[in-house]
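Fold and geometry: a report
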Amino acid sequence: MIDSFLELATPTTAFNVVWATFGGMVIGLLPGLTATMGLALMTSLTYGMGSQQAILVLICLYIGSIYGGSRSAILLNIPGTPANAATAMEGYPMAMSGRASHALGVSTVASLVGSLFGALCLYLLAPVLAELALGFGSFEYFFLGVFGILIAGTMTSLEDPVKGWISGFFGLLVAMIGLEAIHAYERLSFGQLQLAGGIALIPAMVGAFGVSELLTSIASRRSGDVATTREPFRLSGQLREMASSWVTTIRACFIGIAIGIIPGVGEDVAAWISYAAGRRSRRGRDYGKGSSDGLIAAETANSAALPGAIIPALTLAVPGSAPAAVLLAAMFIHNVRPGPLIMIENPDFVASVVWIVVFGSIVMAVLGLLVTRPLVAILKIPKEYLTPVIFALCIIGPYALSQRLFDVHVMLAFGVLGFLMRLMRYPMAPLILGIILGGMIDQNLRRALVLFERDPTDLLVRPIAMTLAFLCCATILAAIPGVRAFVAGRFGRIGTA
């Protein structure tokens, strides 16, 4: 850890941490931009950088984006990113009651605490999970991928999990396009040479998250007035608020880490689950009226979920959130091989990621306390000026990676598809997760069937695979209303016996 710290302690690192975190705050602050979109665009701009500095820029941008979304959520009641939707529930009422500075300060301290706790868990849990993953074989990776898509679909579409599963398995179908990896057989290309090369991840991501978000923003035409306040800012007040809500803070930290590790779920789900848990506590009666406790619950959880999402990306090559999926793709682009062997082949990289999260979190808090009010002026820029610039970046990013006009067409197609899916309330995260995990699921299933001479009964002697298979079945059954009612009734009768 000390060697990694000394390697990163350079003026270049300091400069990159500051500008990347600040850029992430601007991206998160602006409604219509998301952390995923920012990372997808920035990945192409880091192509010429060294692997360590490129990953540093992307992680700091990630941290800044998730934090920056709380600014517009509090001041405008418009979450800058989906992870800050729960923040708006308490932050905006606080701002409207003249406590905007207090709300901004509390969210900053809560985000710092959540991020640092997440960095600690990243340091402690990544080696353990990597060691566990060394026992994974083809069946284990197959069921892990399927479970990731099922749980991501369930958690991102709670009202109708089937929509989330359709989105995820459609992503798997997209991943099947092109030459398959074992025998190089051409699939679903319909005789088109460009499709034979497959669908690249970055154009699909930029389209699904970037272009679709722009189209949704244009269609909604949402705007609002910025809350203002002349209330003096005192950091001591925010620290006392955090101390008085220590139970909420600890609970939110653990919820954030736990949800972050689950493949494909992300910071927004962590924030809502933590907020719901706080609402059921004894302080929950004040929620919805401008409760600092509710603000702490949401912001601590979404910040803790960020390092949590990086843990499976590093150790299993399975992203814990949509932005972590872009980060995972960037690692492969920059010749970093995440997976179970990373602690053996490149242990210093994991330690470097821990320090990067720490550096980004500290700079995030400092910038948040210093430049929040000037940043609010960015919100007054008319959307008509920002949209063409963002759309141009969406085109430049995918084209810069491959110099193929086909990738621009893919991006536009996924932009329209993403927009239609948003209108029909299909979640985006499972779609991208399906594209990312498609190759792993396909190859490992076929490899396992070959290795075991197409005899799936060998699965019965593999406890990890059996556990993951059971979790897949349980996830499907739990989404069926009749099964949920039956289980609730049985447990209810047992509880009253």
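Cut-offs used in this document
Residues numbered from 1 in each chain as written. Predicted model: local features only at pLDDT ≥ 70, side-chain atom pairs only at ≥ 80, totals over all residues. Heavy atoms only, no water. Disulfide = S-S within 2.5 Å. Buried < 20%, exposed > 50% of the residue type's maximum accessible area, 1.4 Å probe, protein only. Helix = DSSP H or I, 4+ residues; strand = E, 2+ residues; numbered from the N terminus. Contact = heavy atoms within 4.5 Å. Phe/Tyr/Trp six-rings, centres within 6.5 Å; stacked < 30°, edge-to-face > 60°.

1. Quick notes on the state of the cysteines
Under the criterion given, the structure shown has 0 disulfides. Of all cysteine sulfurs, the one in C253 lies closest to C121, which takes part in no disulfide; the gap is 8.0 Å. Overall, C121 belongs to the buried group, its relative accessible area being 11%. As a non-bridged cysteine, C472 has C473 as the owner of its nearest cysteine sulfur, 6.8 Å distant.

2. What to know about the side chain of T249
Locating T249 in the fold gives a position in helix α12 (residues 246-261). Judged by its relative accessible area of 8%, T249 falls in the buried class. Here T249 is in contact with V113, M242, I296 and T300, once residues within four sequence places are set aside.

3. Brief notes about the packing of aromatic side chains
What describes a pair of aromatic rings is the distance from one ring centre to the other and the angle between the planes of the rings. Within this structure, the stated rule accounts for 5 aromatic pairs. Measuring from ring centre to ring centre gives 6.0 Å for W272 and Y275, while their planes differ by 85°; the resulting arrangement is edge-to-face. Taken together, the residues W272 and Y275, both in helix α13 (residues 267-279) and 3 residues apart, mark about one turn of the helix. A residue is classified by how much of its surface remains accessible, and W272, at 37% relative accessible area, is partly exposed. A relative accessible area of 3% means that Y275 is categorised as buried. Aromatic rings pair up to connect F139, F142 and F143 into one cluster.

4. Remarks on the environment of I396
Mapped onto the elements of the fold, I396 is located in helix α18 (residues 383-402). Taking the C-alpha atoms as reference points, I396 and S44, 352 residues apart in sequence, are found 8.6 Å from one another.

5. As for the environment of A175
Examined against the element boundaries, A175 turns out to sit in helix α8 (residues 161-175). Relative accessible area serves as the criterion here: at 23%, A175 is assigned to the partly exposed category. For the pair A175 and M440, spaced 265 residues apart in sequence, the C-alpha separation works out to 9.8 Å. Setting aside residues up to four positions removed in sequence, A175 forms contacts with G434, I435, G438 and G439.

Treat this as a map of the structure, not an account of what it does.
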